[in-house]
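# Structural characterization, general
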Amino acid sequence: MVIITVDMEKCQNYGQCCFEADDVFALNGDGQLEYVKEADESRRADIESAADICPMQAITVDKK
Amino acid sequence: MAASVVVVGAGLGGLRAAESLRAAGFEGAITVVGDEPSMPYNRPPLSKEALSAGVHVAELEFRRKPSVADVNWQLGSQVISSDLAARTLTLADGTQLAFDGLVIASGIRPRRLPIPGPETGRHVLRTAHDAMNVRNYLTPGRSAVIMGAGFIGCEVAATARGLGSEVHVVALDEQPMIRPLGAELGLGMRSRHLKHGVDFHLGRTVREFLGGDHVTSVLLDDGTELPASVVIEAVGSVCNVEWLQGNGLDLTDGVLVDQGMVVHSEIPIVAVGDVARHPNSLFGNIPRRIEHWNMPTETGRRAGASLAALLRGEQPDQGPFSAMPAFWSDQYAYKLQSFGMPGIATSIQIVDGSADDACIVEYCDDTGLVGVVGVDRTAELAPYRKQLLDR
């Protein structure tokens, strides 16, 4: 499994991650980031792309 | 013997290119040469939160993928010349470095203007070291004169006001950030800065710096004299390409590359990031340098894959490069975000809100929508981004 952690103090809700992996990251109606904390291994490449492109570098991707 | 790659430049583009080489199956040695002493770190905070709260470069370092754990980082070292046909680079200390494949990731540096007067007290803001120097001056009651009203100038102005400094912005432009944002939103951003006490001197240039050993004031072309504890020069950038001269490359504005970021296919060379003048199929394939934060990642990914293919003796992917340029800026509590290339627009329209409040601005040319900017409307930009991707 891919374990996803977002540092919500760093996150500024720019939503760049949503364009890389929209099944994992989304901005809600108030424009705040919501995300799932675990994803299938097959989603790793897109989730790592989301972490790479986060302007605040707030996303950590781990393995379980 | 396995092929080796040298990456010149240890910024975000160099890191992403190295990671992409590994992702594309390249298993040879990778050496990254960087002129700063630090591992690749994130620069945008240097004009914002890191400048405000204190610069700790270790906290700004990018997380590096495990695949690049074996990369040889040659930091605090500058490449001064190259003989690409012989596949050698020369470092400032005279050592030569041989390569089979080369990544040009040498980036840009701030432009300096030849202005008479003392040099001490004049600063630029590109590196963590620069930010540490500037930070020492930004205290209540001291005066900062910022030359240039682009994003860096305006972000530093906002940060300096937050730290209690008196702030003057001097720029030839008619409005702050006019080139990327246009006059109307530029004026809107100016009114936000005015509300926070920034003093603008637009349409003006600096004639001379005054003071003894250290700048104490700045004399403008209209005779105005501004007190200055520090001068921050944010008047554009220059490409770090001098080390590539003499090899017959097109260096007129950065390094010209094709859609695969390939500079040269017989000698496997690619270029990435701020220095790569690359085509983008979303915007007519006209080669342009795009100094947005996401481009080193996007061009680095593509370049690493291309270079790995060339080193295997294969043709790189010939498909179009169509990464979406994106930028953001924090000034006070305002958040700007953009997709596309608003700077190439010929017509600009505020489609929702107003320029001095939360708003969405559309940028068009004769082909249709080329860019969008939102101020405090981030979550609503996705449909515009999609429209830009479908161009």
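What counts and how
- Residues numbered from 1 in each chain as written.
- Chains lettered and ligands numbered in written order.
- Predicted model: local features only at pLDDT ≥ 70, side-chain atom pairs only at ≥ 80, totals over all residues.
- Heavy atoms only, no water.
- Helix = DSSP H or I, 4+ residues; strand = E, 2+ residues; numbered from the N terminus.
- Rg over C-alpha atoms; globule rule 2.2 N^0.38 Å.
- Buried < 20%, exposed > 50% of the residue type's maximum accessible area, 1.4 Å probe, protein only.
- Contact = heavy atoms within 4.5 Å.
- Areas by Shrake-Rupley, 256 points an atom, 1.4 Å probe, with all protein chains shown as cover.
- Lys, Arg positive; Asp, Glu negative; His and termini not counted.
- Charge placed at Lys NZ, Arg CZ, Asp CG, Glu CD.
- Expected span 1.5 Å × (residues − 1).
- Arc of directions from axis to C-beta.
- Domains from an automatic or database assignment.
- Buried area = accessible area lost by both parts, 1.4 Å probe.
- Salt bridge = Lys/Arg side-chain N within 4 Å of Asp/Glu carboxyl O.
- Pairing = 2+ DSSP bridges.

Each helix and strand in chain B was counted, giving 9 helices and 26 strands. Over its C-alpha atoms chain B spans a radius of gyration of 22 Å, differing by no more than 12% from the 21 Å that the globule rule assigns to 391 residues. Projected onto the principal axes, the alpha-carbon positions of chain B cover approximately 65 × 50 × 35 Å. Looking at the 391 residues of chain B, the share that counts as buried comes to 57%. Once local pairs closer than 6 in sequence are excluded, the contacts in chain B between residues at least 24 apart make up 63%. Total accessible area on chain B is roughly 15600 Å²; 50% of this is exposed by carbon and sulfur atoms. Side chains of chain B give 33 positive and 45 negative charges; the mean places of these two sets differ by 3 Å.

Here we come to helix α7 (residues 183-195) of chain B. Residue and element names in this part refer to chain B. Relative to the 18 Å expected for 13 residues at 1.5 Å per residue, α7 spans 18 Å between its end C-alpha atoms, a close match to the ideal helical length. Inspection of α7 places L185, G186, G188, M189, R192 and H193 among the buried residues, and these make up the whole buried set. Taken down its axis, α7 places every buried residue within 160° of arc, on the same side. Remark: G197 follows α7 within two positions and exhibits a positive phi of approximately 90°.

This part is about the domain arrangement of chain B. Residue and element names in this part refer to chain B. We note that the domain assignment places domain 1 (4-109 + 237-311), domain 2 (112-233) and domain 3 (333-389) within chain B. Placing a centre on the C-alpha atoms of domain 1 and another on those of domain 3 gives a separation of 30 Å. Across the contact, 4 residues belong to domain 1 and 6 residues belong to domain 3. Across the domain 1 to domain 3 interface the summed buried area is about 470 Å²; carbon plus sulfur atoms make up 80%. Put simply, domain 1 and domain 3 have 0 salt bridges between them.

All names here are of chain B. Where strand β24 (residues 347-353) meets strand β25 (residues 359-365), 6 bridges bridge the pair, whose relative direction is antiparallel. Across the sheet, the residue bridging to D352 is I360, located in β25. What sits between the antiparallel neighbours β24 and β25 is a turn of 5 residues.

On to the pattern of salt bridges. By the definition in use, this model includes 31 salt bridges over all chains. With a closest N to O distance of 2.5 Å, D23 of chain A and R43 of chain A form a salt bridge. Separated by 20 residues along the polypeptide, D23 of chain A in the loop between α1 (16-20) and β2 (25-27) and R43 of chain A in the loop between β4 (38-39) and α2 (44-53) bring together distant segments of the chain. Ionic contacts of the salt-bridge type, sharing partners, join the residues D52 of chain A together with R16, E19 and K65 of chain B into one network.

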